[in-house]
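# Observations on the three-dimensional arrangement
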Amino acid sequence: DDTVRRIQAFMDKALREAKVHTSWINPSNEYDAAVEKFVEQTLRGKSSLAFLASFVPFAERIATLAAWESVSQIALKLMSPGVVDTYQGGELWDLSLVDPDNRRPVDYETRRQRLNTLTKDIVDPQLSPEKRSEAVAAIGQSWWTGDLKLLYVAQGLRLREKEPDLLLRGSYHPLIVKGQNAEHVIAFARKYLGKILLTIATRWFASLLPEPTALDSLKKNLQQTFIEMSAAKAGTAKPMKFTNVLTGAEVHADDMNGVMRLSAGDSLNTLPAIWLIGDRQ
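As the structure is a computational prediction, the values presented were derived from the model and not from experiment.

### As for the overall build of the protein chain
- Across its full length, the protein chain carries ten helices and nine strands.
- Dimensions of the protein chain, computed from C-alpha atoms along their principal axes, come out at roughly 70 × 40 × 40 Å.
- A buried classification covers 40% of the 281 residues belonging to the protein chain.
- For the protein chain, long-range pairs separated by at least 24 residues make up 66% of all intrachain contacts whose partners lie at least 6 apart in sequence.
- Of the roughly 15,800 Å² of accessible surface on the protein chain, 54% is carried by carbon and sulfur atoms.

### Here's the deal with the pairing of strand 7 (residues 250–255)
- Bridge count for strand 6 (residues 240–244) against strand 7 is four bridges, and the pairing is antiparallel. In the sheet register, Phe-242 faces strand 7, and the bridge partner there is Val-251.
- Where strand 6 folds back on strand 7, the antiparallel hairpin that results is connected by five residues, among which Gly-248 adopts a positive phi of roughly 80°.
- Bridging between strand 7 and strand 8 (residues 259–263) involves two bridges; their strand directions are antiparallel. In the strand pairing of strand 8, Asp-254 is matched with Arg-261.

### Concerning the side chain of Arg-190
- Along the chain, Arg-190 turns up in strand 3 (residues 185–192).
- We note that Arg-190 is buried and unpaired, the nearest opposite charge coming from Asp-165 at a distance of 10 Å.
- Within the structure, the side chain of Arg-190 is placed 3.4 Å from the backbone oxygen of Ser-171, a separation counted as a polar contact.
- In contact with Arg-190, other than residues within four places in its own chain, are Met-79, Ser-80, Pro-81, Leu-166, Leu-167, Gly-170, Ser-171, Tyr-172, Lys-195, Ile-196 and Leu-197.

### A look at the confidence of the model for the protein chain
- Scored by pLDDT, the protein chain has a mean of 90; 95% of the residues are at 70 or more.
- By mean pLDDT, helix 9 (residues 231–234) is the weakest element of the protein chain at 60, and strand 4 (residues 195–202) is the strongest at 96.

### What to know about unusual backbone geometry
- Of note, the phi angle at Lys-19 is positive, near 60°, even though the residue is not glycine.
- In this structure Lys-19 comes out as exposed when scored by relative accessible area, which is 65%.

### Here we look at helix 4 (residues 108–123)
- Along helix 4, the residues that are buried comprise Arg-111, Leu-118, Ile-122 and Val-123. Seen end-on, helix 4 carries its buried residues on one side only, within an arc spanning 70°.
- Buried residues in helix 4 make contact with helix 5 (129–141) and helix 6 (147–162).

### Points about the environment of Trp-144
- Within the element layout of this structure, Trp-144 appears in the loop between helix 5 and helix 6.
- Under the relative-accessibility criterion, Trp-144 is labelled exposed at 57%.
- Counting along the chain gives 126 residues from Trp-144 to Ala-18, while the straight-line C-alpha distance between them is 31 Å.

### Quick word on helix 1 (residues 2–18)
- With 17 residues, helix 1 should reach 24 Å at 1.5 Å per residue; the first-to-last C-alpha distance of 24 Å fits that figure.
- Just past helix 1, the residue Lys-19 takes up positive phi, approximately 60°.

### A look at the nonpolar core
- Trp-68, Tyr-152, Leu-198, Phe-242 and Trp-275 are the most contacted members of the largest nonpolar core, which has 61 residues in total.
- Top contributing element to this core by residue count: helix 3 (residues 48–79), with nine residues.

### Comments concerning the environment of Met-11
- Here Met-11 shows up in helix 1.
- Spatially, the C-alpha atoms of Met-11 and Glu-36 are 8.0 Å apart, while their sequence positions differ by 25 residues.
- Aside from chain neighbours lying at most four places away, what touches Met-11 is Val-35 and Val-39.

### Examining a nonpolar patch on the surface
- A contiguous nonpolar patch, built from Phe-51, Phe-55, Val-56, Phe-58 and Ile-62 and spanning about 430 Å² of accessible area, is present on the exposed surface.
- Within the element layout of this structure, Phe-51 appears in helix 3.

### Comments concerning the packing of helix 1 against helix 2 (residues 29–44)
- Put simply, helix 1 and helix 2 touch, their axes get as near as 10 Å, and they point 145° apart. Note that helix 1 runs across helix 2; the crossing there is right-handed. Between helix 1 and helix 2, the contacting residues are Val-4, Ile-7, Gln-8, Met-11, Asp-12, Leu-15 and Arg-16 on the first element and Tyr-31, Asp-32, Val-35, Glu-36, Val-39, Glu-40, Leu-43 and Arg-44 on the second.
- Among the residues making up the contact of helix 1 with helix 2, the classes are represented as eight nonpolar, one polar and six charged.

### Considerations on the pattern of salt bridges
- All chains considered together, the criterion is met by eleven salt bridges.
- Arg-44 serves as the salt-bridge partner of Glu-40, at 2.7 Å between the closest nitrogen and oxygen. Pair noted here: Glu-40 and Arg-44 are both in helix 2, with a separation of four residues, about one helical turn.
- For Glu-40, a relative accessible area of 31% puts it in the partly exposed group.
- The partner of Glu-163 in a salt bridge is Lys-195, with the nearest N and O atoms 2.9 Å apart. In this pair, Glu-163 sits in the loop between helix 6 and helix 7 (164–169) while Lys-195 sits in strand 4, placing the two residues 32 residues apart along the sequence.
- Under the relative-accessibility criterion, Lys-195 is labelled partly exposed at 40%.
- Within this structure, Asp-12, Arg-16 and Asp-32 form a network of salt bridges that share partners.

Analysis parameters
Residues numbered from 1 in each chain as written. Predicted model: local features only at pLDDT ≥ 70, side-chain atom pairs only at ≥ 80, totals over all residues. Heavy atoms only, no water. Helix = DSSP H or I, 4+ residues; strand = E, 2+ residues; numbered from the N terminus. Buried < 20%, exposed > 50% of the residue type's maximum accessible area, 1.4 Å probe, protein only. Contact = heavy atoms within 4.5 Å. Areas by Shrake-Rupley, 256 points an atom, 1.4 Å probe, with all protein chains shown as cover. Pairing = 2+ DSSP bridges. Lys, Arg positive; Asp, Glu negative; His and termini not counted. Salt bridge = Lys/Arg side-chain N within 4 Å of Asp/Glu carboxyl O. Polar contact = N/O pair within 3.5 Å; in protein donor to acceptor, adjacent residues only side chain to side chain. pLDDT = per-residue confidence, 0-100. Arc of directions from axis to C-beta. Expected span 1.5 Å × (residues − 1). Core = buried A, V, L, I, M, F, W, Y, C linked by side-chain atoms within 4.5 Å. Patch = residues over 30% accessible without salt bridge, like charges linked within 9 Å, V, L, I, M, F, W, Y side chains within 5 Å. Axes fitted to C-alpha atoms, helices over the stretch in contact; angles between N-to-C directions. Left-handed = near helix turned anticlockwise from the far one by under 90°. Nonpolar A, V, L, I, M, F, W, Y, C, P; charged D, E, K, R; others polar.

Printed below as a string of structure tokens:
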């Protein structure tokens, strides 16, 4: 019943704001009632079982792929130049059918408790990178809890707090992506006083993954996809090593005739998006 009412409310708002057959100022009671009945019959009528049997698997597939895309967007926006656009209460999945209302009360206690659990299981620097990587991958496999999004938001904001000059004053360098499936990867660098932060995000997962949940195939499918940055932009002519902000794993960049090159597959491993902090060797 609650789902039916939510869909009806969404349809009512969408159609009134479209202002084609009805609107807030000039409502058509007959049209509005017909749409409300249509929604109810679609979800609870005689043909609803056949419709839902066809629709639900599609919705589940799209929801999984959308989760990965959302994480990539978070990784990109938190490290891009300018003001960070984070939304109060949007640390977990927000399944509103319309724009979220930031006047709604936020359950901060639930977010605090879940974040504390994540901090204990993943962020603890005493854990090995292998254990942290496994823990993050496990969270990805239960993406519907929202913990994956919460982890990226928290770690991204912590990184901004730790490196304020790099994120506030650092130069921005879009990076070249080459090779097989290059169109599926977006990458850029932020640089300030010798420090380098790389943001690498995957996109268009539907045509990249054999199954929506198969993030473990990223390493293979992006193995021959390379992110390149000139030695001049990197500020060093030597090979560099990077540390994955989420897992603590080390990623090494090769020096290819004055060009710093990373394998997207090796760098991402099983994550849809990553941040890498660079250190000179």
